[in-house]
Amino acid sequence: IAAAIEQVMIAASKSILRGDGFQYTMPSRGATDQVYLDELDRIVLKNKTTQANFASVSSVRKVTILTRVMQLVHGVLSRGIHVTKRDLFYTDVKLFKDQKDSDAVLDDI
């Protein structure tokens with residue numbers, strides 16, 4: 001997971017340096033975007049994705065939260081420690097404002 005986060009950040013950095021800005025592409029978690037697989041005995045996401053673009057006023061806060069949560073998760077993984085969703089929320093309460101905001105982004109990651 002840490003390596004995947006690093007690749008996302010490298011891609012975002014390259015995009016910014018090219019002058020293209022950046023966006024994150026994430027699996028869509030809507031009810032119509034999920035399917036039950038008998039062989040796995042679980043619900044999995046379909047291939048539909050959504051984008052969060054930093055240049056869009058409507059999604060700039062979500063992109064900021066996504067970036068911060070990726071930074072926190074990468075740090076936790078690098079140190080090899082265990083934290084709860086609540087622990088992550090309390091690292092930046094001013095940004096997250098409500099735990100549901102950080103939890104939703106953590107689920108996306």
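Before reading further, recall that the structure is shown in the block above.
Let us look at the structure shown here. (Residues numbered from 1 in each chain as written. Predicted model: local features only at pLDDT ≥ 70, side-chain atom pairs only at ≥ 80, totals over all residues. Heavy atoms only, no water.)

For the rest of this paragraph, the subject is the overall build of the chain. Secondary structure assignment for the chain yields five helices and four strands. Element order for the chain, N to C, with α for helix and β for strand: α-β-β-β-β-α-α-α-α. In terms of overall dimensions, the chain has a C-alpha envelope of 45 × 35 × 25 Å along the principal axes. Per-residue burial for the chain yields a buried fraction of 28% across its 109 residues. The contacts in the chain between residues at least 6 apart in sequence include a share of 49% that link residues at least 24 apart. For the chain, the exposed surface amounts to about 7,400 Å²; the carbon and sulfur share of it is 56%. For the chain, the separation between the mean place of its 15 positive charges and that of its 13 negative charges on side chains is 7 Å. (Helix = DSSP H or I, 4+ residues; strand = E, 2+ residues; numbered from the N terminus. Buried < 20%, exposed > 50% of the residue type's maximum accessible area, 1.4 Å probe, protein only. Contact = heavy atoms within 4.5 Å. Areas by Shrake-Rupley, 256 points an atom, 1.4 Å probe, with all protein chains shown as cover. Lys, Arg positive; Asp, Glu negative; His and termini not counted. Charge placed at Lys NZ, Arg CZ, Asp CG, Glu CD.)

Axis separation between helix 2 (residues 60–79) and helix 5 (residues 99–108) bottoms out at 9 Å; the angle between their running directions is 70°. When the axes of helix 2 and helix 5 are compared, the pair comes out roughly perpendicular. Judged by the sense of rotation from one axis to the other, the crossing of helix 2 with helix 5 is right-handed. Counting all contacts with helix 2, which are made through Arg61, Lys62, Ile65, Leu66, Val69 and Val73, the residues of helix 5 involved are Asp101, Val105, Leu106 and Asp108. (Axes fitted to C-alpha atoms, helices over the stretch in contact; angles between N-to-C directions. Parallel < 35°, antiparallel > 145°, perpendicular 65-115°, else oblique. Left-handed = near helix turned anticlockwise from the far one by under 90°.)

Attention now goes to the pattern of salt bridges. Inspection of the entire model under this criterion finds five salt bridges. For Asp20, the salt bridge goes to Arg18, with nearest N and O atoms at 2.9 Å. Residue classification places Asp20 among the exposed residues on the basis of a relative accessible area of 52%. Taking relative accessible area as the criterion, Arg18 reaches 57% and is therefore assigned exposed. Across the salt bridge formed by Asp92 and Arg68, the nearest N and O atoms sit 3.0 Å from each other. Separated by 24 residues along the polypeptide, Asp92 in the loop between helix 3 (85–90) and helix 4 (93–96) and Arg68 in helix 2 bring together distant segments of the chain. (Salt bridge = Lys/Arg side-chain N within 4 Å of Asp/Glu carboxyl O.)

Our next topic: the nonpolar core. By size, the foremost hydrophobic cluster in this structure holds 19 residues, and its most contacted members are Tyr24, Ile65, Leu66, Val69 and Phe96. If near-sequence neighbours (up to four positions away) are discounted, Phe96 is found in contact with Arg61, Ile65, Arg68, Val69, Leu72, Leu88, Phe89, Thr91, Asp101 and Ser102. (Core = buried A, V, L, I, M, F, W, Y, C linked by side-chain atoms within 4.5 Å.)

With that out of the way, let us pick up the packing of helix 1 (residues 2–17) against helix 2. Interhelical geometry of helix 1 versus helix 2 gives an angle of 140° and a closest axis separation of 9 Å. Here helix 1 is positioned oblique relative to helix 2, judged by the angle of their axes. The chirality of how helix 1 crosses helix 2 is left-handed. Contacts between helix 1 and helix 2 pair Ala2, Ile5, Glu6, Val8 and Met9 from the former with Met70, Val73, His74 and Leu77 from the latter.

Okay, helix 1 next. Here helix 1 is 16 residues long and its end C-alpha atoms lie 23 Å apart, about the 22 Å a rise of 1.5 Å per residue gives. For helix 1, every residue scored as buried is listed here: Ile5, Ala12 and Ser15. Angularly, the buried residues of helix 1 cover 90° about the axis, an arc narrow enough to put them on a single face. The outward face of helix 1, more than 90 degrees from its buried face, is lined by the exposed residues Gln7, Lys14 and Leu17. The inward-facing, buried residues of helix 1 abut helix 2. Two residues or fewer after helix 1 comes Gly19, characterised by a positive phi angle close to 90°. (Expected span 1.5 Å × (residues − 1). Arc of directions from axis to C-beta.)

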